[in-house]
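Topology and contacts: notes
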Amino acid sequence: MPELSVAVFATDNDQRAVLQVLVDGTSVARTVCGNATMPLAPNDPVIRKTRGFAPDVILVDIAKDSVTAALRAMELIHQEIPEAAVFAVGPMTQPQLIVSAMRAGVREYIERPTTTTDLLEAFVRLTSTRRKPGRENSRGKVFTIVNAKGGSGATTVAVNLALALESIHHSTALVDLAPLGHCALHLNLKPAFGVSDAIANLHRLDSSLLDSFMARHNSGLQVLAGAATPTAIEPSASDFARLFDTMVGSFHYIVVDASSRLDSATRLVGNLSEKVLLIAHADVATLWSAGRVAQYLGESGARDRFALVLNRYRKVPGFNEAETEAAIGSPVLWRIPNQYFAVSAAIDRGVPVMQQGSTEISRSIAGLAEYLTKDDLDVKRAAWSLFKTV
Ligand SMILES: Nc1ncnc2c1ncn2[C@@H]1O[C@H](COP(=O)(O)OP(=O)(O)OP(=O)(O)O)[C@@H](O)[C@H]1O
Ligand SMILES: [Mg+2]
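Every chain begins its residue count from 1, and numbering advances along the sequence as written. Key to labels: chains lettered from A, ligands numbered from 1, both in the order written. At least 70 in pLDDT is required for a residue's local features to be given in this predicted model, at least 80 for side-chain atom pairs to be given and counted, and no such filter applies to totals for whole chains, interfaces and linings, which use all residues.

Per the secondary structure count, the protein includes 16 helices and 13 strands. Computation of the radius of gyration draws on C-alpha atoms alone. For the globule rule, the value is 2.2 Å times the number of residues to the power 0.38. Its C-alpha atoms give the protein a radius of gyration of 22 Å, within 12% of the compact-globule value 21 Å for 390 residues. Principal axes of the C-alpha set define a box for the protein whose edges measure 65 × 45 × 40 Å. A total of 390 residues make up the protein; the buried ones form 46% of that total. In the protein, the proportion of contacts linking residues at least 24 apart, taken out of those at least 6 apart, comes to 74%. Under the scheme used here, helices are H or I runs from DSSP no shorter than 4 residues and strands are E runs no shorter than 2 residues, and both carry numbers assigned from the N terminus. Partly exposed residues are those whose C-beta has more than 12 but fewer than 20 other C-beta atoms within 10 Å; with 20 or more the residue is buried, with 12 or fewer it is exposed, and the C-beta atoms are placed from the backbone. C-beta atoms are first placed from the backbone for all residues, and any pair lying within 7 Å is then listed as a contact.

Laid out in structure tokens, this is it:
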């Protein structure tokens, strides 16, 4: 493993000295510069100085009394020195802080107070993902699929959307967070491990251990399976924050099937998501629920990430889409046709509609995948060839 050069930002002098000693103690990394001030603007001299050292990793300490300054610094550093991986060192007890750090572009979130072992593991994870072409410093996008009301089709949409994304980019994971996971059934997989194993091993979770907990579908899609029996003990939101921290470092796209799970975990994962798709039927009861679900999940984050997907869509006389959007506060992003026999046979056989050639429903879901990735420059060419053949 080549030696990594590390720049440290910590306003507290003792903490800065400790971090430098710990970094050098890993013997795979070396501190090249220490900074006592956080940058305040893109042209801050401390950014210029740090860039001059060409660090591989920039470690930012989140001190209790300067959380906002540290978050702002991470955002600036990520933006101004994109070739370096930003690691945050902060408390694990505040899921919202972990989410904010990840949104600021942080690659690893390490517990404070930290140890040489924690740092060593993070450095090893960085070099092992760097070996995967195309994953350097980039973080995957999460799309969360939630039901407006039970049975609206969240699992069907999640599974098929994940397959469509996999065929575009080949680096897609499907994570089953439903209270009782159905994704493996839809894909005819018999996974030995799943989400609960990844959570139980968070302290040593890196991309290769994560890989070993995932089931590989014949399409190449990697599946982190859900609960096979209802379980009473739920992992904390912080656990999920750490799991997704590893996931976004390992995959380009992560589709989450939350189905009808409405708790702090779905809320947290929703906050980390590029888009939260609310799956609804165009009936009064479902749309009433959709408004309530969006309100609950969006309470602690931006609502503009929410969008409605009308499943089993058909034109209903008197159904006014504009009024629905206004009432729920989320736009209708997509309409998926009603094809009961095709969909239920696909579930029964364990061969999703996306794998059954060109049908109205597979074209619709391929179109949704194309729409969700339309701004991702690196997938444009591949997407074009996929949709030409569908
Ligand atoms: N586009 C569609 N056209 C016709 N039938 C559909 C469509 N999408 C889903 N279904 C049917 O709806 C049923 C429920 O689908 P699915 O299991 O995906 O829903 P869910 O929202 O994940 O349910 P749960 O609340 O149990 O998690 C299935 O039997 C499936 O056949
Ligand atoms: Mg489901």
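Lining the immediate surroundings of ligand 1 are 22 residues, of which G153, T155, T156, S259 and S344 lie closest. Elements that contribute at least two residues to the shell around ligand 1 include exactly α6 (154–169), β12 (306–313) and α14 (340–349). Each residue receives one of three labels: charged for Asp, Glu, Lys and Arg, nonpolar for Ala, Val, Leu, Ile, Met, Phe, Trp, Tyr, Cys and Pro, and polar for the others, Gly being one of them. Across the shell around ligand 1, the residue classes tally to seven nonpolar, 14 polar and one charged. Contact assignment follows one rule, namely that a residue is near a molecule or strand if its backbone-placed C-beta atom lies within 6 Å of it.

Contact geometry for helix α4 (residues 95–103) and helix α10 (residues 237–250): axes closest at 9 Å, N-to-C directions at 20 degrees. On the basis of their axis angle, the class for α4 and α10 is roughly parallel. Regarding α4 and α10, the two cross each other, and that crossing is left-handed. On α10, the residues that touch P95, I98, V99 and M102 of α4 are A237, S238, A241 and D245. When the residues that make up the contact of α4 with α10 are grouped by side-chain class, the tally is six nonpolar, one polar and one charged. Note on geometry: axes are lines fitted to C-alpha atoms, helical ones only across the stretch in contact, with angles between N-to-C directions running from 0 to 180 degrees. Roughly parallel here means an angle under 35 degrees, roughly antiparallel means over 145, roughly perpendicular means 65 to 115, and every remaining angle is called oblique. Helix crossings fall into two classes, left-handed where the near helix is turned counterclockwise from the far one by less than a right angle and right-handed where it is turned clockwise.

So, on to the sheet that holds strand β9 (residues 222–224). Read across the sheet, eight strands follow the order β8-β9-β7-β10-β6-β11-β12-β13 without closing on themselves; strand pairing throughout is mixed. Edge positions in the sheet fall to β8 (215–216) and β13 (332–337), since each of these pairs with one other strand and no more. Of the strand pairs in this sheet, strand β7 (residues 172–176) and strand β10 (residues 253–259) are connected by five bridges, and their pairing is parallel. Residue A173 lies in a different strand from β10, and its bridge partner there is I254. Pairing between two strands requires that DSSP report at least two bridges joining them.

Our next topic: the domain arrangement of the protein. Under the domain assignment used here, the protein contains domain 1 (4–130) and domain 2 (141–389). On a C-alpha basis, the centroid separation for the pair domain 1 and domain 2 is 32 Å. With 15 residues of domain 1 in contact, the opposing surface of domain 2 contributes 13 residues. Secondary-structure elements contributing two or more residues to the side of domain 1 that touches domain 2 are α4, β5 (108–111) and α5 (116–130). Its residues assigned to classes, the side of domain 1 that touches domain 2 comprises seven nonpolar, four polar and four charged. Domain extents, as shown, originate in an automatic or database domain assignment.

Before going further, it helps to spend a moment on the pairing of strand β4 (residues 85–90). Burial within β4 is extensive, with six of its six residues counted as buried. What you see with β4 is no split at all: A85, F87 and V89 on one side and V86, A88 and G90 on the other are buried throughout. Two strands pair when backbone bridges link them, and strand β3 (residues 57–61) and β4 are joined in this way by five bridges, in the parallel orientation. Counted as the bridge partner of D61 is V89 from β4. When the strands point away from the viewer and the connection leading from the first strand across the helix to the second strand turns clockwise, the crossover is called right-handed. For the segment spanning β3, helix α3 (residues 67–80) and β4, crossover handedness is right-handed. Strand direction decides the pairing type here: β4 and β5, joined by four bridges, are parallel. Directly across from G90, in β5, lies its bridge partner E111.

Turning next to the pairing of strand β11 (residues 275–280). The element β11 is extensively covered by neighbouring structure, given that five of its six residues are classed as buried. Here strand β6 (residues 141–147) pairs with β11 via five bridges, running parallel. Across the sheet, the residue bridging to V146 is L278, located in β11. Summarising the sheet, β11 and β12 pair through five bridges and their orientation is parallel. Note that in β12 the partner of I279 across the bridge is V309.

Relative to the assigned elements, F240 resides in helix α10. Each C-alpha atom, one on F240 and one on L71, is 20 Å from the other, the two residues being 169 residues apart in sequence. With residues up to four places along the chain from it excluded, the contact list for F240 reads P235, A265, L268 and V269.

What a helix should span is 1.5 Å times the count of its residues minus one. Taking 1.5 Å of rise per residue, the 14 residues of α3 would be expected to cover 20 Å, and the 20 Å separating its terminal C-alpha atoms lies within 8% of that figure. Its buried side turned inward, α3 meets β1 (4–9), α2 (45–52), β3, β4 and α4.

With that settled, consider the sheet that holds β1. Spatial strand order, β2-β1-β3-β4-β5: five strands in an open sheet with parallel pairing. The open sheet has two free edges, formed respectively by β2 (29–35) and β5, since each of these has just one partner strand. Strand-to-strand twist in this sheet, taken as the mean axis angle between neighbours without regard to direction, amounts to 25 degrees. Of the pairings in the sheet, the one linking β1 to β2 comprises six bridges and is parallel in character. When the bridges of β2 are listed, F9 appears paired with N35.

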